[in-house]
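Coordinate analysis (summary)
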Amino acid sequence: MEDVQIQFSNSQLRKLILPLVVEQFLAITVGLADSIMVASVGEAAVSAVSLVDSVNTLIFYGFSALATGGAVVCGQFLGCRNPKKACDSAEQLLVFILALSAGLTVILYGAKYFILHGLFGNIEADVMNYANTYFIIVEASVPFIALYNAGAALFRVMGNSAVSMKISIGMNIVNICGNAILIFIVHMGVEGVAIPTLVSRILGAFVVVCLLRNPKYQLHISRPFRYRFDGHTVKNILKVGVPSGIESSLFHLGKILLLSVVSAFGTASIAANAIGNSIATFQILAPQAIGVGMITVVSQCAGARDFDSARFYTKKLMKWSYVSMLIVNIIIFLLLPLIIYLYNVSDEAARLAKLILILHGAVGLVLWPASFTLPQALKAAGDTTFVMTIAVGSMWIFRIAAGILFARYWNMGVIGIWVAMFIDWFCRIIFFVIRYRGHRWEQKYVK
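A brief look at the structure comes next. No experiment lies behind these values; they were computed from the predicted model shown.

**Examining a positive patch on the surface**
Positive charge collects at one region of the surface, where Lys235, Lys239, Arg440, Lys444 and Lys447 lie side by side. Inspection of the secondary structure puts lysine 235 in helix α9 (residues 231-262).

**Section: helix α14 (residues 384-409)**
Its 26 residues give α14 an end-to-end C-alpha distance of 35 Å, which sits within 8% of 38 Å, the value for a rise of 1.5 Å per residue. Along its length, α14 shows its largest kink, about 30°, at methionine 395. Remark: asparagine 411 follows α14 within two positions and exhibits a positive phi of approximately 55°.

**Observations regarding the nonpolar core**
By size, the foremost hydrophobic cluster in this structure holds 127 residues, and its most contacted members are Tyr134, Leu154, Leu219, Val297 and Trp418. Per-element accounting of this core gives the leading share, 17 residues, to helix α2 (residues 43-79). Leaving out residues up to four positions away in the same chain, tryptophan 418 has contacts with Asn273, Gly276, Asn277, Ala280, Ile356 and His360.

**With respect to the packing of aromatic side chains**
In this description, an aromatic ring pair is defined by two values, namely the gap between the centres and the angle between the planes. Tallied over the entire structure, the rule returns 14 aromatic pairs. Relative to tyrosine 217, the ring of phenylalanine 155 lies with its centre 5.0 Å away and its plane at 90°, an arrangement referred to as edge-to-face. Taken together, the residues phenylalanine 155 in helix α6 (residues 142-157) and tyrosine 217 in the loop between α8 (191-212) and α9 connect sequence positions 62 residues apart. We classify phenylalanine 155 as buried; its relative accessible area is 0%. Judged by its relative accessible area of 12%, tyrosine 217 is buried. Taken together, a centroid distance of 5.1 Å and an interplanar angle of 75° make the contact between phenylalanine 312 and tyrosine 313 edge-to-face. Looking at phenylalanine 312, the relative accessible area reads 47%, which means it is partly exposed. Judged by relative accessible area, which is 5%, tyrosine 313 ranks as buried. Members of the aromatic cluster, each reached through a chain of ring pairs, are Phe251, Trp368, Phe372, Phe422 and Trp425.

**With respect to the packing of helix α13 (residues 347-380) against α14**
Between α13 and α14, the shortest axis-to-axis distance is 8 Å and the interhelical angle comes to 150°. Considering their axes alone, α13 and α14 lie roughly antiparallel with respect to each other. Relative to α14, α13 is oriented so that their crossing is left-handed. Mapping the contact onto sequence places Phe372, Pro375, Leu378 and Lys379 in α13 and Thr384, Val387 and Arg399 in α14. Tallied by class, the residues present in the contact of α13 with α14 amount to 4 nonpolar, 1 polar and 2 charged.

**Digging into helix α5 (residues 125-138)**
The end-to-end C-alpha distance of α5, which contains 14 residues, comes to 20 Å, matching closely the 20 Å that a straight helix rising 1.5 Å per residue would cover. Considered for burial, the residues of α5 that qualify are Val127, Met128, Ala131, Tyr134, Phe135, Ile137 and Val138.

**Topic: the packing of helix α7 (residues 161-185) against α8**
Two quantities define a packed helix pair, namely the angle between the axes and the distance from one axis to the other. Two numbers describe how α7 lies on α8: the axes approach to 8 Å, and their chain directions differ by 155°. One finds that α7 runs roughly antiparallel with respect to α8. Viewed along their axes, α7 and α8 form a crossing whose handedness is right-handed. Its residues assigned to classes, the contact of α7 with α8 comprises 14 nonpolar, 7 polar and 2 charged.

**Details of unusual backbone geometry**
Note that the residue after arginine 223, namely proline 224, is joined by a cis bond; omega there is -5°. By the secondary structure assignment, proline 224 is in the loop between α8 and α9. The backbone phi angle of arginine 305 is positive, close to 60°, even though this residue is not glycine. A positive phi angle, near 55°, is found at asparagine 411, a position not held by glycine. Tracing the backbone shows asparagine 411 in the loop between α14 and α15 (414-437).

**Things to note about the pattern of salt bridges**
Using the criterion set out here, one finds 8 salt bridges in the structure. For the salt bridge of arginine 156 with glutamate 23, the shortest nitrogen-to-oxygen distance reads 2.6 Å. Of the two residues, arginine 156 sits in helix α6 while glutamate 23 sits in helix α1 (residues 10-39), which places them 133 residues apart along the sequence. Using a relative accessible area of 14% as the deciding quantity, one classes arginine 156 as buried. By relative accessible area, glutamate 23 is classed as buried at 9%. One salt bridge in this structure joins lysine 84 and aspartate 88, with 3.0 Å as the shortest N-O distance. With a gap of 4 residues between them, lysine 84 and aspartate 88 both fall in helix α3 (residues 83-110), about one helical turn apart. Exposure remark for aspartate 88: the relative accessible area of 26% places this residue in the partly exposed category.

The rules behind each value
- Throughout, residues of each chain are indexed from 1 in the direction in which the sequence is written.
- Side-chain atom pairs in this predicted model are given and counted only at pLDDT of 80 or more, local residue features only at pLDDT of at least 70, and totals for whole chains, interfaces and linings cover all residues.
- Values reported for side chains reflect all heavy atoms of the structure, with hydrogen atoms and water molecules removed beforehand.
- Patches draw on residues past 30% relative accessible area with no salt bridge. Two like charges within 9 Å are joined, as are two nonpolar side chains (Val, Leu, Ile, Met, Phe, Trp, Tyr) within 5 Å.
- Here the accessible surface of atoms and residues is derived via Shrake-Rupley with a 1.4 Å probe, and residues count as covered only by protein chains that are part of the display.
- Within this document, salt bridges are pairs made up of a side-chain nitrogen of Lys or Arg and a carboxyl oxygen of Asp or Glu, the two lying within 4 Å of each other.
- For this count, His and the chain ends are skipped, Lys and Arg are scored as positive, and Asp and Glu as negative.
- We put the charge of a Lys on NZ, of an Arg on CZ, of an Asp on CG and of a Glu on CD.
- Secondary structure counts use DSSP, requiring at least four H or I residues in a row for a helix and at least two E residues in a row for a strand, with both numbered from the N terminus.
- One less than the residue count of a helix, multiplied by 1.5 Å, gives the span that helix is expected to have.
- Two axes are fitted around each residue, one to the seven residues ending there and one to the seven starting there, and the angle between them is reported as the bend at that residue.
- Buried Ala, Val, Leu, Ile, Met, Phe, Trp, Tyr and Cys residues form a nonpolar core when they are joined through side-chain atoms within 4.5 Å.
- Here's how the labels work: a residue is buried when its accessible area is under 20% of the maximum for its type, exposed when over 50%, partly exposed in between, all with a 1.4 Å probe on protein chains only.
- Contacts were defined at the residue level, with two residues in contact if any of their heavy atoms lie within 4.5 Å.
- Each aromatic pair joins two rings of Phe, Tyr and Trp (for Trp, the six-membered one) with centres within 6.5 Å, and gets the label stacked for planes under 30 degrees apart, edge-to-face for over 60, and tilted for any other angle.
- Angles shown run from 0 to 180 degrees and are taken between the N-to-C directions of axes, each axis being a line fitted to C-alpha atoms and, for helices, limited to the stretch in contact.
- Each angle receives one of four descriptions, namely roughly parallel if under 35 degrees, roughly antiparallel if over 145, roughly perpendicular if within 65 to 115, and oblique otherwise.
- When the near helix sits turned anticlockwise from the far one by under a right angle, the crossing is termed left-handed; a clockwise turn instead gives a right-handed crossing.
- Polar here means any residue outside two lists: the nonpolar Ala, Val, Leu, Ile, Met, Phe, Trp, Tyr, Cys and Pro, and the charged Asp, Glu, Lys and Arg; Gly therefore counts as polar.

Laid out in structure tokens, this is it:
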């Protein structure tokens, strides 16, 4: 195959990345707004939603990672100028992820009793009733959010992240307005939170599929739609997507396990950790969005076998990651006293939260982009199994095992959890930088 030079101007890169930043910012802020509105229903509702969502987070992040991995396959075919194969791969991804999510939904409803009673244990009766109601409604949205994630990933890999941003804005408006109406006007309980979530996800899936039927897009659904199962293409999607899905799910499972460790250190530590987790998402928002954009750029370079360009754009986007993270963290550091004040927590919780955020911001400025943004380039080239192995191994050895050691046995408390996380970042960097500087990841493209 003749090499094809892939070029992205700075203007194209900005048009790709800025909508991703907005989309991730909205996801965080809308999540906070949801939490505030749920709180008006009562503590039992907050607890119920939180418990069920802890399970759903694993599922949704897993499907999101699988969808992104499948989109990498499409991106590589776009890069090698094979639009028919790219569109065929997009159809295989959409149908496969819909079938998989529908099957999982059936399993979730069948295992509802085990999930609510086995995982959550002896919780209060009103919390269990709320959790049961929320579970029944929200789990119906699993196929729709999975289909939306697949469609959004396809638009991003085309370099058209503005479409997924606009759909996300629409979904968030429906969700927030629905919550406000059903909770504050209709005075529903937890149903007032669950129903808008389901409706917004149905609408998101419907809109993204309708748009993908438009042949003006590089990736589109054939009209009329005649699906034929392609085992080779699905195998490629699974080869790239499954390791990413496993990595994402195990990453969030590990975070959940560490919450049980933090809970043993008292209310102040729990509050400080919660504040730290909330604000830390803003500290890494920009490089995280750039990492998603990197998948679009590098996947097309890998498809064209143009690895000089892949390395050029990886270095450029890494520089953007560090600069953007520096700017955001300076703003957060300046606003930190106000942020802590707004949470209205005890002096001890405020002290711990401030220390956590200063450490996370300062260490993150040095380590986070190389630990999390850089491996997106390896994933985009198809080297997802290596990334998964290092990420999962490092997390469970250093972040979890060392976190428990530091927090419980070395008496570092909640700070020990965060220090162990920094060590995890450093160890990931060693392996990812060595891998990137070599050439084995350049041989992992879709064949």
